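# Breakdown of the fold
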Amino acid sequence: MKFLNFSRFYIEARLFPLRRWKWRNFLVSFFTIAPSFSIINLMIIGIDIRWLSFKRTGLYTYLSNLLTVLLEIDRKNQYIFFYNESKEKIFPYQKNLTYKRVSAKPFLFKEKFLFFEILKRNKLDIFFEPHFNLPLLLPKKLPVILTIHDLTPLIFPQFFSFFERIYFRSILTHAIKRANHIIAISKYTKDCLKKRFSKLPKISVIYQGRPKLNNAESTTDLSIPLPYILYFGNKRGHKNYKRVIEAYGMLRTRLSQYHLVIVGINGQSSENIIFLKNISETEKAFLYKKASLFVFPSLNEGFGFPLLEAMQVGVPVITSNLSSLPEVAGRAAYFVNPFEVDEICEGMYKLLTNKGLRKELIKRGLQRSRIFSWNKTAQKYLKIFQEYASFGCHTCI
């Protein structure tokens, strides 16, 4: 019996040596390589970068910085950037990046339906929309991740037209229903969403990084009288620029030597108030560095880049005690009620005359600004992308 068993083993080994060798090597290879497959799950990630055409906006700052760092830390996953104009293609060539043109600008009716065929052809694993403006038609099984920055038209509808309010509400509602995952840029934005929408997908709060200012000591054609108080904003009512001008008028009766520089608004400059509509990045850095004080009493912000821009160059900050601004500023700013002109004026006076308070807030501001890192932000985005990699959508669009 023992001889019979041996014979069968010998015959099997002689007749099927190749089969035995293949299985042995397969098992060795599988258990050697398999662990790496469980860790590395490569994706094809599609991102709408058409928002990069909106220069000198917070959305441009957010997206350009995020994608720059994301491409630096992730050289393995494949990225497809959907653009509309050539000026949006700001990233240098690398092997895992390709561009695909979408012949429609954001907010146009055409784009709401155009994306379906484009996404279907490119067979994505994930589609990331860095704004609430999501296309109406998307492949059903395609995981969609989007960023929501703020809900200002819902919170302060009086500052927006009827059409703007209807458009915002309808497109945002659609985006929330279709999204698999929402990224809110602050806890405040997340809370606003939870208050106004009963059914929401998973929401993660990911803070944005510190905006990079041009640190080069370069010359500029700007001729601004010193000393001055600096303000950044636009004519939207929630930016509160009119109360800043009122507060400055009151301050002039106590400190007449300071000028007010308002950036982002067209206006008639006077001897004491200078309006600057469009400025370069170099000019922006110059204005921050030379300012005696930065004032930003906005009624509503999803995050508030200007706070960190001022803090990182050692300029004391006055800001609003509303929305996300206390969340971003921490203990590194002087807070005021943005509806009270007297409070804004008093804050200006204190920060311009109280040397101890100025010194302390400058110190805190420098420390606070270092907390916000684009590397941290990009790593968190990439982690969320990885969560949806296993959906394997590109084979079933």
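### As for the packing of helix α3 (residues 58-73) against helix α14 (residues 374-387)
The geometry of a pair of packed helices is captured by two quantities: the angle between their axes and the separation between those axes. Between α3 and α14, the least distance of the axes is 9 Å, while the angle of their chain directions is 75°. In terms of their interaxial angle, α3 and α14 are classed as roughly perpendicular. Note on element contacts: α14 touches α3 through Trp374, Asn375, Thr377, Ala378, Gln379, Tyr381, Leu382 and Phe385, opposite Thr61, Tyr62, Asn65, Leu66, Val69, Leu70 and Ile73. Across the contact of α3 with α14, the residue classes tally to ten nonpolar, five polar and no charged.

### Describing the sheet that holds strand β1 (residues 44-48)
With respect to topology, seven strands assemble into an open sheet ordered β3-β2-β1-β4-β5-β6-β7, the strand pairing being parallel. In this open sheet, the two strands that pair with only one neighbour each are β3 (97-101) and β7 (202-205). With direction set aside, neighbouring strand axes in the sheet form an average angle of 20°. As paired elements, strand β5 (residues 144-148) and strand β6 (residues 181-184) share four bridges and run parallel to each other. Bridge assignment links Ile145 to a residue of β6, and that residue is His181. Packed onto the sheet, α3 meets β1, β2 (78-83), β3, β4 (126-129) and β5 and runs at close to 155° relative to β2.

### A short note on the side chain of His259
Secondary-structure assignment places His259 in strand β9 (residues 259-263). Relative accessible area serves as the criterion here: at 13%, His259 is assigned to the buried category. Here His259 is in contact with Pro225, Leu226, Pro227, Tyr228, Ile229, Tyr248, Glu271, Asn272 and Ile274, once residues within four sequence places are set aside.

### With respect to the sheet that holds strand β11 (residues 293-296)
One open sheet accounts for six strands, arranged β10-β9-β8-β11-β12-β13; its pairing is parallel. Both edges of this open sheet fall to β10 (273-276) and β13 (334-336), since each of them pairs with a single strand only. Neighbouring strand axes in the sheet, compared pairwise and without regard to direction, differ in orientation by 20° on average. Relative to β9, strand β8 (residues 228-232) runs parallel, the two being bridged by five bridges. Bridge assignment links Tyr228 to a residue of β9, and that residue is His259. The strands that helix α9 (residues 281-290) touches are β8, β9, β10 and β11; relative to β8, the one it contacts most, it runs at about 135°.

### Overview of α9
Within the sequence span of α9, burial applies to Glu283, Lys284, Ala285, Leu287 and Tyr288. Check the buried side of α9 and you find it contacts β8, β9, β10, β11 and α10 (305-312).

### Overview of the pattern of salt bridges
Applying the stated criterion across every chain yields a total of eight salt bridges. A salt bridge links Glu309 to Lys284; the shortest N-O distance between them is 2.9 Å. On the criterion of sequence distance, the pair formed by Glu309 in helix α10 and Lys284 in helix α9 is long-range, its members being 25 residues apart. Judged by relative accessible area, which is 5%, Glu309 ranks as buried. The class of Lys284 is buried, set by a relative accessible area of 11%.

### Focus on the packing of helix α8 (residues 241-251) against helix α12 (residues 341-353)
It is the contact of α8 with α12, at a shortest axis distance of 8 Å, that shows an interaxial angle of 55°. As summarised for this structure, α8 and α12 are arranged oblique, according to the angle between their axes. Here α8 and α12 pass one another in a crossing that is right-handed. Here α8 contributes Arg243, Val244, Glu246, Ala247, Tyr248, Met250 and Leu251 to the contact with α12, which in turn contributes Val341, Asp342, Ile344, Cys345, Met348, Tyr349 and Leu352.

Thresholds, definitions, all that
- Residues numbered from 1 in each chain as written.
- Predicted model: local features only at pLDDT ≥ 70, side-chain atom pairs only at ≥ 80, totals over all residues.
- Heavy atoms only, no water.
- Axes fitted to C-alpha atoms, helices over the stretch in contact; angles between N-to-C directions.
- Helix = DSSP H or I, 4+ residues; strand = E, 2+ residues; numbered from the N terminus.
- Parallel < 35°, antiparallel > 145°, perpendicular 65-115°, else oblique.
- Contact = heavy atoms within 4.5 Å.
- Nonpolar A, V, L, I, M, F, W, Y, C, P; charged D, E, K, R; others polar.
- Pairing = 2+ DSSP bridges.
- Buried < 20%, exposed > 50% of the residue type's maximum accessible area, 1.4 Å probe, protein only.
- Salt bridge = Lys/Arg side-chain N within 4 Å of Asp/Glu carboxyl O.
- Left-handed = near helix turned anticlockwise from the far one by under 90°.

Fair warning: the whole summary comes from geometry, so function is off the table for now.
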